[in-house]
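# Architecture at a glance
Each chain, letter by letter, is given below.
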Amino acid sequence: MDKLIDIKNLTVGYNSKIVLENVSLTINKNDFIGIIGPNGGGKTTLLKAILGLVEPISGELCFCDELKNRRSNIGYLPQVNKFDSRFPVSVFDVILSGLAGRKSWKQGFMKKEKDRVNEIIGQLGIENYAHKPIGELSGGQMQRVFLGRAIVSNPKLLILDEPDTYVDNQFENELYQKLKELNERMAILLVSHDVGTISSYVKSIACVNGELYYHPSNMITPEQLASYNCPIQIITHGSVPHTVLKTHHPHAHKH
Ligand SMILES: Nc1ncnc2c1ncn2[C@@H]1O[C@H](COP(=O)(O)OP(=O)(O)O)[C@@H](O)[C@H]1O
Ligand SMILES: [Mg+2]
C-alpha cells in the first residue's frame, strides 16, 4: 500500500472550540501537498493533529506501520520560531536534536549520529555557521537549520509550516529545490501563503479554512479558490500566478 496516513472525518479544536471540522485527507508515499488558507483557518492545527500534539475531538487518524513511531518518522519544521537569542545551543546541537526520537537522550549520541549531522550540514551548505549559537543567525539561516533538524532522521513524511516566511528569495529558491529532491524519498506537507510559488513544486493543493478542500492538481484558479471558501487572491504575472492574501487579519480569528 502507498498510504502513509488516512485522516477520516477529523474534528479538532481547543477547549471544545472547534477549529477544524470533518476533515478527511489521505497522504500517500509520493505526495507533495501544498496547504494554503487564511490566517487562523486551522492549517497549523491540522499539522499538530497529525503530529499528535493536539487530540482529536472526533474522527480518526490512521497511520501505516512505517509511521507508527511518529517522532522519528515524521520530520517537522514548526512555524517561526522566535528563538531566544541568549539560548546557548549551537546549530549542530539543534540538528542533532532531530535524532532524539530514536533513542533516549541519556544514552548519549554515538559517532554515527554525529556523522549524520555533519552529512546534513554539508548537504545544506551551512558549514560556516555550524558551531554558532542559534540566536546569532538570520531568518534564512535559521530555517536551513530547522530544515536540517526536520530531515536528519530521514523521515517518511516531512511537514513544514510556512518555512518561506521571513526568508530571502535566494533561500526560498534553494528550499524549494531541496524539497523537490527530498520528495523523491519522502512525502511532503507544506503550509505556505504563496500558492504562486509553491504551485510549480507541489503536486496537489489543500485549502484549509475551518474545513479542508482537496484539489488534486497544482494549478488552481481564483474561481476554484472561491468555491473552496479560501479567501486568497491570485495575481497573474505572465503565465506564473503569484499569490497574496486577500484579507490579512492575523488576529481576526483570535479570541
Ligand atoms: N493552543 C491554542 N489554544 C487555543 N486556541 C488556539 C490554539 N492554537 C490555535 N488556536 C486557534 O485556532 C484557530 C486556528 O489556528 P491555526 O491552526 O494556528 O491557524 P493557521 O495556522 O491556519 O493560521 C485560531 O482561531 C487560533 O486562534
Ligand atoms: Mg499557522
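Preceding this section is the structure that the text describes.
In this report, the structure presented in the accompanying data block is examined. Fair warning: this is a prediction, and the values are worked out from it, not measured in the lab. (Residues numbered from 1 in each chain as written. Chains lettered and ligands numbered in written order. Predicted model: local features only at pLDDT ≥ 70, side-chain atom pairs only at ≥ 80, totals over all residues. Heavy atoms only, no water.)

## Section: the pairing of strand 5 (residues 74–77)
This is how the line gets drawn: Burial classification: accessible surface area is computed with a 1.4 Å probe over protein chains only, and a residue below 20% of its type maximum counts as buried, one above 50% as exposed, and the rest as partly exposed. Helix and strand definitions here come from DSSP, where helices need a minimum of 4 consecutive H or I residues and strands a minimum of 2 consecutive E residues; each element is numbered from the N-terminal end. Two strands are said to pair when DSSP picks up at least two bridges between them.
Burial of strand 5 is two-sided: the residues I74 and Y76 facing one way and the residues G75 and L77 facing the other way are all buried. In this structure, strand 5 lies alongside strand 6 (residues 157–161), joined through four bridges in parallel fashion. Bridge pairing links G75 to L158 in strand 6.

## Focus: the sheet that holds strand 5
This is how the line gets drawn: Fitted lines through C-alpha atoms serve as axes, helices being fitted only where they are in contact, and the angles separating the N-to-C directions of these axes extend from 0 to 180 degrees. Should any heavy atoms of two residues lie within 4.5 Å, those residues are considered in contact.
Strands sit in the order 5-6-7-3-8-9 across an open sheet of six strands; the sheet is mixed. With one partner strand each, in any of the chains shown, strand 5 and strand 9 (212–215) form the two edges of the open sheet. Sheet twist, expressed as the average angle between the axes of neighbouring strands with direction ignored, equals 15 degrees. Of the pairings in the sheet, the one linking strand 3 (residues 32–36) to strand 8 (residues 204–208) comprises four bridges and is parallel in character. Of the residues in strand 8, the one forming a bridge with G34 is I205. With respect to the sheet, helix 5 (residues 139–151) is in contact with strand 5 and strand 6, its orientation differing from that of strand 5 by roughly 165 degrees.

## Topic: the packing of aromatic side chains
Going by this rule: Working definition: a ring pair exists when centres of Phe, Tyr or Trp rings (six-membered ring for Trp) sit within 6.5 Å. Plane angles under 30 degrees give stacked, over 60 give edge-to-face, the rest tilted.
Under the definition given, this model contains two aromatic pairs. Note on Y176 and Y201: the rings are 5.2 Å apart at their centroids and 20 degrees apart in plane angle, and the pair reads as stacked. With a gap of 25 residues between them, Y176 in helix 6 (residues 169–182) and Y201 in the loop between helix 7 (195–198) and strand 8 connect regions that are remote in the sequence. Here the aromatic rings of Y213 and Y228 are separated by 5.8 Å at their centres, their planes lie at 25 degrees, and the arrangement is stacked. Taken together, the positions of Y213 in strand 9 and Y228 in the loop between helix 8 (222–227) and strand 10 (232–237) put the pair 15 residues apart, joining distant regions of the chain.

## Here's the deal with the coordination of the magnesium ion (ligand 2)
Our working definition: As a rule, N, O and S atoms within 2.8 Å of a metal are its donors, except that Na, K and Ca use 3.2 Å; water is not among the atoms, so sites may look incomplete.
For the magnesium ion (ligand 2), the full set of protein donor atoms is T44 (OG1) and Q79 (OE1), at a range of 2.0 to 2.4 Å. Residue T44 is found in helix 1 (residues 43–51), and its partner Q79 is found in the loop between strand 5 and helix 3 (91–96); the two are separated by 35 residues along the sequence. Classification of T44 by relative accessible area gives partly exposed; the value is 22%.

## Focus on the nonpolar core
Note the threshold: We call a set of buried Ala, Val, Leu, Ile, Met, Phe, Trp, Tyr and Cys residues a nonpolar core when their side-chain atoms join them within 4.5 Å.
Grouped together as the largest cluster of nonpolar side chains are 47 residues, with contacts concentrated most on I95, V145, L147, L158, L179 and L190. In terms of residues, this core owes the most to one element, helix 5, which gives six residues. If we skip the residues at most four places from it in the chain, L190 touches F32, I33, G34, I35, L160, P163, Y176, L179, I198 and V202. Counting 32 residues, the second-largest nonpolar core is a separate cluster that includes V12, L51, F63 and A206.

## Description of the site of ligand 1
Condition: Summary of the distance rule: residues count as near a molecule or strand when at least one heavy atom falls within 4 Å of that molecule or strand. Polar contact criterion, stated in full: a pair of N or O atoms within 3.5 Å, where within protein one must be able to donate a hydrogen and the other to accept it, and residues adjacent in sequence count only if both atoms are side-chain atoms. Only the protein chains shown count as cover for residues, and the accessible areas themselves come from Shrake-Rupley with a 1.4 Å probe. Each residue is assigned to one of three groups, with Ala, Val, Leu, Ile, Met, Phe, Trp, Tyr, Cys and Pro labelled nonpolar, Asp, Glu, Lys and Arg labelled charged, and all others, Gly among them, labelled polar.
Taken together, 12 residues surround ligand 1, and among them G40, G42, K43, T44 and T45 come closest. The backbone of G40 places a nitrogen or oxygen atom 2.7 Å from an oxygen atom of ligand 1. At 3.2 Å from an oxygen atom of ligand 1 is found a main-chain nitrogen or oxygen belonging to G41. Bound to the protein, ligand 1 loses 74% of the 560 Å² it would expose on its own. Here the shell around ligand 1 is built from residues that sort into three nonpolar, seven polar and two charged.

## Considering the layout of surface pockets
Test applied: With a 1 Å grid spanning the protein atoms alone, the term cavity applies to any set of points in which a 1.4 Å probe fits but cannot get out, the term pocket to an open set with protein on both sides within 12 Å along at least five of seven lines, and the term lining residue to any residue with an atom within 4 Å of a point. Grid points are joined across faces, edges and corners, and a volume is the space filled by probe spheres set on the points.
The space that makes up the second largest pocket amounts to roughly 280 Å³. Forming the walls of the second largest pocket are 14 residues, and the residues nearest its centre are R70, R71, I74, Y76 and R149. Elements with a minimum of two residues in the lining of the second largest pocket: helix 2 (70–73), strand 5 and helix 5. Here the lining of the second largest pocket takes three residues from strand 5, the largest share from any one element. For the lining of the second largest pocket, the per-class residue count stands at six nonpolar, five polar and three charged.

## Looking at the pattern of salt bridges
Using the following cut-off: The salt bridge definition used is simple: a Lys or Arg side-chain nitrogen within 4 Å of an Asp or Glu carboxyl oxygen.
What the rule picks out here adds up to seven salt bridges. Across the pair R116 and E119 runs a salt bridge whose closest N-O atoms are separated by 3.3 Å. With a gap of three residues between them, R116 and E119 both fall in helix 4 (residues 111–123), about one helical turn apart. Overall, the relative accessible area of 18% leaves R116 in the buried class. Judged by relative accessible area, E119 falls into the partly exposed class, the value being 42%.

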